[in-house]
Amino acid sequence: MIIKDKVALITGASRGIGLSTARLLSQKGATLALVARSREKLEELANELPGSIAICADLSNPEEARTAVRHAVEHFGRLDILVNNAGQGYDAPVEKIDLTKYQHIINLNLISPLVAMQEAIPIMRKAGGGSIVNVSSGTALTYFPFNGPYSSVKRALVGLSLTARVELERDNISVSVVYPYMTATNFEDSTLKNDVPPEEGHPPYPPDDPAHVANMIINAIETGRAEVFAHDWMKNWPNMMKLDRNA
Ligand SMILES: NC(=O)c1ccc[n+]([C@@H]2O[C@H](COP(=O)([O-])OP(=O)(O)OC[C@H]3O[C@@H](n4cnc5c(N)ncnc54)[C@H](OP(=O)(O)O)[C@@H]3O)[C@@H](O)[C@H]2O)c1
């Protein structure tokens, strides 16, 4: 899809990957609905990016995702691009997963993106097409100890996204998944945790810049590719972890 003159809604636009992506989409000529909880940051950004609007929503409540998309469509009269980027981590051993915390990140990382898609799809179909990009995680491709709650939800998001992709091909709506590697944002600090031992060892590579992931999201929109990986080696991550599927 050509981004120029399109209307895009991006969640988690107040900082990190979402902020970087919002700026890049605007530079490429899109008009934006910027969604997150931090009203002031969103309003500042909306003032910076021509034609854009700020929509405050707590996406751990999926009904707020529904209202946010409806608000954007009422304002702009259309919606061509949906980027489900808002997210939060939760680390705990499987044995100790707290169901309230798990439900919170399921709502934020999975159910709200689903609801936003359900609101956007009929609008895009009627307009003759659209682009949906869902931000998953490299952790959906592999198995780290204590990462079960977060990675399971990001895996589920991949399942929904790639199924929707097949269902919506005939409507000219492309659904893509983006897999960031560790990225230098506030993400780690806002990750919920319980019963996680002090960290050992170091990640295999230094973290990426949020602009790298923003470029991946732009690439997904422009090419309509099913999956975009932060690094090619991530495609082989399960093998690097010596996970033998035949054993
Ligand atoms: N950073 C990484 O290492 C990494 C790696 C793989 C995947 N990812 C994924 O990349 C995406 C962006 O993460 P990031 O690294 O940019 O993290 P971040 O800096 O913590 O930003 C998260 C964004 O999500 C929004 N958000 C969080 N909770 C929300 C809620 N309840 N309702 C509405 N908005 C909410 C935040 O805005 P407010 O606080 O203003 O609401 C913020 O704009 C996430 O889906 C994350 O899972 C990140």
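Structure: see above.
To start, this report covers the structure provided alongside it. Quick caveat, the model's predicted, so the values are computed rather than measured.

The rules we used
Residues numbered from 1 in each chain as written. Predicted model: local features only at pLDDT ≥ 70, side-chain atom pairs only at ≥ 80, totals over all residues. Heavy atoms only, no water. Helix = DSSP H or I, 4+ residues; strand = E, 2+ residues; numbered from the N terminus. Buried < 20%, exposed > 50% of the residue type's maximum accessible area, 1.4 Å probe, protein only. Contact = heavy atoms within 4.5 Å. Polar contact = N/O pair within 3.5 Å; in protein donor to acceptor, adjacent residues only side chain to side chain. 1 Å grid on protein atoms, 1.4 Å probe; cavity = no way out; pocket = protein on both sides within 12 Å on 5 of 7 lines; lining within 4 Å. Points joined across faces, edges and corners; volume = space filled by probe spheres on them. Pairing = 2+ DSSP bridges. Axes fitted to C-alpha atoms, helices over the stretch in contact; angles between N-to-C directions.

1. Some details on the environment of Thr183
Tracing the backbone through its elements, the reader meets Thr183 in the loop between β7 (173-179) and α6 (187-190). Look at Thr183 and you get buried, because its relative accessible area is 13%. Spatially, the C-alpha atoms of Thr183 and Gln88 are 13 Å apart, while their sequence positions differ by 95 residues. Leaving out residues up to four positions away in the same chain, Thr183 has contacts with Ile17, Pro207, Asp208, Asp209, Pro210 and Val213.

2. Some points on the environment of Asp208
In this fold, Asp208 is placed in the loop between β8 (192-193) and α7 (210-223). Its relative accessible area of 10% is what places Asp208 among the buried residues. Apart from residues no more than four positions distant in its own chain, Asp208 is found in contact with Tyr181, Met182, Thr183, Ala184, Ala230 and His231. Engagement of the side chain of Asp208 in a polar contact is seen with the side chain of His231, the distance being 2.8 Å.

3. Quick word on empty space enclosed by the protein
Scanning the model with the defined rule gives 2 cavities of 30 Å³ or more in all. Within this model, the largest cavity holds a volume of roughly 70 Å³. Lining the largest cavity are 13 residues, with Thr11, Leu59, Asn84, Ser112 and Pro113 sitting closest to its centre. When residues of the lining of the largest cavity are traced back to their parent elements, those giving at least two are β1 (7-11), α3 (62-76) and α4 (99-127). Here the element with the most residues in the lining of the largest cavity is α4; it accounts for 4 residues.

4. Some details on the sheet that holds strand β9 (residues 227-229)
In spatial order, the strands read β3-β2-β1-β4-β6-β7-β9; together these 7 strands make up an open sheet with parallel pairing. In this open sheet, the two strands that pair with only one neighbour each are β3 (53-56) and β9. For this sheet the average axis-to-axis angle between neighbouring strands, irrespective of direction, equals 15°. Summarising the sheet, β1 and strand β4 (residues 81-84) pair through 3 bridges and their orientation is parallel. Its bridge partner being in β4, Ile10 is matched across the sheet by Val83. Packed on one face of the sheet, α3 meets β1, β2 (31-36) and β3 and runs near 155° to β3. Sheet strands touched by α7: β4, β6 (130-135), β7 and β9. Its angle to β7, the strand with the most contacts, is close to 155°.

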